[in-house]
Amino acid sequence: MERSEIIIGGDTAGIEWRVPVFRFKGSDSAAPSAYIQAALHANELPGTALLHFLLEGLQKAEADGAIRGDITVVPQANPIGLAQYHFGEMEGRFDLGSRTNFNRDFPLVALAGRDTLLDKFESRSAADRLKRTLLHTALGADLVLDLHCDDESLQYAYIDEAFWPEAADLASALDMKAVFLSDGESTAFEEAVGHAFKRQGGDKLKSVPGRLAVTVELRGRRDVYPDMARHDADGLWAFLAGRGVVADPAHEAKPYAGPAVPLDNIEMVKAPEPGTVLFHRDIGDEVKAGDLIATLIVRPGEPGGTLAVTAGHDGLIATRCSARYARRGDDLMKIACREATRRDRKPGTLED
């Protein structure tokens, strides 16, 4: 195993950021290569815990000669966000300088233009240099996994339709409860990688066999436990074994049994008014259209001071907010539905 560091100079004097990178050299040049990163949103730590245990397993596999393809692991991809500890809480989602989500505004380039990401490098902001370096590194691999988590959530993933259903092996290995099929039209890290994979120098490809760019949502922000992280690391190992990145004679593939729905089928349940949130349903619950899922206390103690929030469609509650006070328009839940929930969704991500 080779350990190195990405060093990003700060935007003010006396500051620099260091990103540890772990590389394993594969024994078979024909085997697929993999790039895996976690905590691009610095306060989303289930992926960091997973990669801690995966790295232990990969070091043992290296000693046993079981690493077939090159593997790059970045367990904590965003030291800039990691330093955003304010008033007793880590933020880590938005760059304070540009007010931009750390997982947005990645440059969109064709795979053949990968090296242009480093043009005029030293004149760019620290956050932009970090993004460009991570993306440049990832585009050197065949399989790219960006590990995130939601607020309170089931295990699920965002997967571009260009990689589906081939990517069902990842959904199965990580025991995902749902897959959200994205349109690949945003500037998030995973979709910037997908953009390059689908544009390898010529026309846009509708499918890209042997390639993968995916955002994995490893349950919720508080789901950081040793047994859970080890279980997820075992699942990621199984995926790598199934793709031939590592050798494991004991590996047995299993089919994915969960739903895979386009983003148009995701009902974003929002608070119609501000108030204290009383949830009646939990993640993992199946609901029917019209079911009561939450009550908002909008005028405490007053007659008629509550507001019922109901499901608009049949589906599976995939996520729920952890906050118990909502502003008007705040997201309360995501429900994976069996039919389109709206016709006016703009291409791209579901939320900022």
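Up top is the structure.
Now for a quick tour of the structure. (Residues numbered from 1 in each chain as written. Predicted model: local features only at pLDDT ≥ 70, side-chain atom pairs only at ≥ 80, totals over all residues. Heavy atoms only, no water.)

**Side note on the packing of helix α3 (residues 126-138) against helix α5 (residues 189-198)**
With their axes 10 Å apart at the nearest point, α3 and α5 run at an angle of 45° to one another. When the axis of α3 is compared with that of α5, the two are oblique. Judged by the sense of rotation from one axis to the other, the crossing of α3 with α5 is right-handed. Counted together, Leu134, Leu135 and Ala138 of α3 and Phe189, Ala192 and Val193 of α5 form the full contact between these two elements. Taken together, the residues of the contact of α3 with α5 break down into six nonpolar, no polar and no charged. (Axes fitted to C-alpha atoms, helices over the stretch in contact; angles between N-to-C directions. Helix = DSSP H or I, 4+ residues; strand = E, 2+ residues; numbered from the N terminus. Parallel < 35°, antiparallel > 145°, perpendicular 65-115°, else oblique. Left-handed = near helix turned anticlockwise from the far one by under 90°. Contact = heavy atoms within 4.5 Å. Nonpolar A, V, L, I, M, F, W, Y, C, P; charged D, E, K, R; others polar.)

**Considering the sheet that holds strand β17 (residues 306-310)**
If you trace the four strands from one edge of the open sheet to the other, you get β17-β16-β14-β19, paired in antiparallel fashion. Lying at the two open borders of the sheet, with one neighbouring strand each, are β17 and β19 (325-326). As defined by bridge partners, strand β14 (residues 275-279) adjoins β19 across two bridges and the pair is classed as antiparallel. Note on β19: the bridge partner recorded for Thr276 is Tyr325. (Pairing = 2+ DSSP bridges.)

**Digging into empty space enclosed by the protein**
In total, this model carries one cavity of 30 Å³ or more according to the counting rule given. Quantified by volume, the largest cavity comes out at close to 50 Å³. Around the largest cavity sit Pro46, Leu50, Leu218, Arg219, Asp223, Val224, Tyr225, Met228, Ala229 and Asp232, which together line it. Elements with a minimum of two residues in the lining of the largest cavity: α1 (46-63), β11 (212-220) and α6 (226-242). In terms of residue count, the dominant contributor to the lining of the largest cavity is α6 (three residues). Broken down by class, the residue content of the lining of the largest cavity amounts to seven nonpolar, no polar and three charged. (1 Å grid on protein atoms, 1.4 Å probe; cavity = no way out; pocket = protein on both sides within 12 Å on 5 of 7 lines; lining within 4 Å. Points joined across faces, edges and corners; volume = space filled by probe spheres on them.)

**Considering the environment of Gly284**
Checked against the element boundaries, Gly284 lands in the loop between β14 and β15 (286-287). Each C-alpha atom of the pair Gly284 and Lys204 lies 37 Å from the other, and the pair is 80 residues apart in sequence. Every residue in contact with Gly284, bar those within four places of it in the chain, is listed here: Leu154, Leu316 and Ile317.

**Some thoughts on the pattern of salt bridges**
Taken as a whole, this structure holds 28 salt bridges when the rule is applied. One salt bridge in this structure joins Asp282 and Arg320, with 3.5 Å as the shortest N-O distance. Here Asp282 is found in the loop between β14 and β15, whereas its partner Arg320 is found in strand β18 (residues 315-320), with 38 residues between them in sequence. Here Glu286 and Arg338 are joined by a salt bridge, their closest N and O atoms 3.1 Å apart. One end of the pair, Glu286, is in strand β15; the other, Arg338, is in the segment after β20 (331-337), and 52 residues separate them in sequence. Glu286 sits in the partly exposed class, given a relative accessible area of 45%. Residues joined by salt bridges that share partners form a network here, namely Arg3, Glu5, Glu16 and Arg18. (Salt bridge = Lys/Arg side-chain N within 4 Å of Asp/Glu carboxyl O. Buried < 20%, exposed > 50% of the residue type's maximum accessible area, 1.4 Å probe, protein only.)

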